[in-house]
Amino acid sequence: MIDRVKELSDKNYERIKDIRHLIHMYPEIGFEEFKTSKIIVGELEKLNIEVKSNIAKTGVVGLLRGKHEGKTVMLRADMDGLKLEEKTNLPYKSKVHGMMHGCGHDGHVASLLGAAMMLSELRNELKGNIKFVFQPAEETEGGAKPMIEEGILQNPKVDAVFGGHLWGSIKEGEIHVKHGAMMAAPDTFKFKVIGKGGHGGSPHLTIDPIVITCQIVSTIQTIVSRKNNPLNPLVITCGKIKGGDSHNIIPNEVEVSGTVRTFDEQTRSEVAKLMEDIIKGICISQGATYEFEFEKKFPPLINDYEMTDLAKISLEKVVGKNNVKELKEATMGAEDFSYYVKEVPGSFFFVGIAEDENNPVIHHNPYFKFDDKNLKILSESLAQVAIDFFNK
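The name an unreviewed UniProt entry gives the protein is Amidohydrolase, with Paraclostridium ghonii as the organism.

In structure tokens, the structure reads:
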């Protein structure tokens, strides 16, 4: 079947490329991907694929029923762009001020539509159903969870799920898979230290929240260095500190926000408690009060071992055995594809887009760009994985 897949990939390549360019020119923020959804619906309907739209506001699901009964496999692409002014010289550069596709989601949508084009021509040979899921808001609030809540894993019930991401630190022509933990949970926190403001020349009459905050920021790093097993990945980052208005005024309060990255649920819960214990203890010792919030975001992305084995074999057919590699390290980045693999067995993989492995393509960067030829690899990969899942 790989020969058929590649033949159909060549046949549909120009159309896939045109779709990518069109979507790239009109990027949309999460849950507002109205133009993108309309393009997707139109392409799926041309292929006589059953379509449901307006799922989780802008999400689209296409259902291709194979000629023969069998299981259902789901393939997913994310649709949203970024609030970022594009600075590339591409002829299809973003036409929307302050917005661009700076992470490859335009390529994900085009590639999944390409897989739909191929598989629709092979429907008489398919032994099951394929759901093509186009998801909103991966970059922001996360569209996976609301789509699941609206029933996309049912009717028919999804038995396995696969997805791919065009990845800037991997060389073109290579695909990297990862068994088990692949991407981290991106939880957020915010705390406020409430002291007593006053004149900078009379600190003894105040309770200085800036000094107290500095103690807290330094001390919470001991959670990583002294409370956590060094073999268990953990990151605590204070990304924003806000407090004070003048060089000679001690403020009443300071607010700090940041992110915690983990791979397991026990660590997520323990970190939240340890952080509050430190904040509370230091504030009490200095006569201050505090407020603390910890919000769990996406769960960690944990690939199923069996589905990753299957994907690896399929991907080797697309790019060759020597070009499919095990990802050396999990990434502390996050992906709400994690919600899908938490519900059903599945696997997520990275498709390389760097021309030179020593010069990676930087995601979320105004100069982010990649060659269209990589769309073929991602679309062929998604199609082949689906076919092999039916035949495993």
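Still more to cover.
J.: Tell me about the overall build of the protein, and name the residues and values.
T.: The secondary structure content of the protein amounts to 9 helices and 16 strands. Taking 21 Å as the expected radius of gyration for a compact globule of 392 residues, we find that the protein reaches 24 Å, a close match to that expectation. For the protein, the proportion of its 392 residues judged to be buried stands at 55%. Residue pairs in contact within the protein that sit at least 24 positions apart in sequence constitute 82% of those at least 6 positions apart.

J.: Just give me the short version of the pattern of salt bridges, but keep the residues and values in it.
T.: What the rule picks out here adds up to 25 salt bridges. Notably, a salt bridge pairs Arg 15 with Glu 43, separated by 2.3 Å at the nearest N-O pair. Residue Arg 15 is located in helix H1 (residues 2-25), and its partner Glu 43 is located in helix H2 (residues 34-46); the two are separated by 28 residues in the primary sequence. The salt bridge partner of Glu 335 is Arg 76, with a shortest N-O separation of 3.0 Å.

J.: Report on the sheet that holds strand S4 (residues 128-135), specifying residues and quantitative values.
T.: The strand order S1-S2-S4-S3-S5-S16-S6-S15 describes an open sheet built from 8 strands, whose pairing is mixed. Looking along the sheet, the strands with just one partner apiece sit at the ends: strand S1 (50-55) and strand S15 (324-326). With strand direction ignored, the average angle separating the axes of adjacent strands in the sheet is 25°. Sheet topology places strand S2 (residues 59-65) next to S4; 6 bridges connect them, and they run antiparallel. Bridging across to S4, Arg 65 finds its partner in Asn 129. Against the sheet, H2 engages S1, S2 and S4, with an angle of about 10° to S2.

J.: Report on the pairing of S1, specifying residues and quantitative values.
T.: Across 4 bridges, the pairing between S1 and S2 is antiparallel. When the sheet's bridge partners are listed, Val 51 is paired in S2 with Gly 62. Where S1 folds back onto S2 in an antiparallel hairpin, the turn is made up of 3 residues, including Ala 56, whose phi is positive at roughly 50°.

J.: Quick rundown of the UniProt feature "domain: Peptidase M20 dimerisation" (unreviewed entry) in the protein? Include the residues and the values.
T.: Within this structure's numbering, the places UniProt gives as "domain: Peptidase M20 dimerisation" (unreviewed entry) are residues 188-280. Counted over residues 188-280, helix gives 38% and strand 32%. Its end C-alpha atoms are 18 Å apart.

J.: Report on the pairing of strand S8 (residues 185-194), specifying residues and quantitative values.
T.: Most of S8 is tucked away: 7 of the 10 residues are buried. Pairing analysis gives 10 bridges linking S8 to strand S12 (residues 253-262), with the strands arranged antiparallel. Bridge pairing in S12 links Lys 192 to Glu 255. Bridge count for S8 against strand S13 (residues 289-295) is 7 bridges, and the pairing is antiparallel. Within S13, the position partnered with Phe 189 by the bridge is Phe 294.

Cut-offs and rules
Residues numbered from 1 in each chain as written. Predicted model: local features only at pLDDT ≥ 70, side-chain atom pairs only at ≥ 80, totals over all residues. Heavy atoms only, no water. Helix = DSSP H or I, 4+ residues; strand = E, 2+ residues; numbered from the N terminus. Rg over C-alpha atoms; globule rule 2.2 N^0.38 Å. Buried < 20%, exposed > 50% of the residue type's maximum accessible area, 1.4 Å probe, protein only. Contact = heavy atoms within 4.5 Å. Salt bridge = Lys/Arg side-chain N within 4 Å of Asp/Glu carboxyl O. Pairing = 2+ DSSP bridges. Axes fitted to C-alpha atoms, helices over the stretch in contact; angles between N-to-C directions. UniProt positions renumbered as here; feature names shortened; annotations may be inferred.

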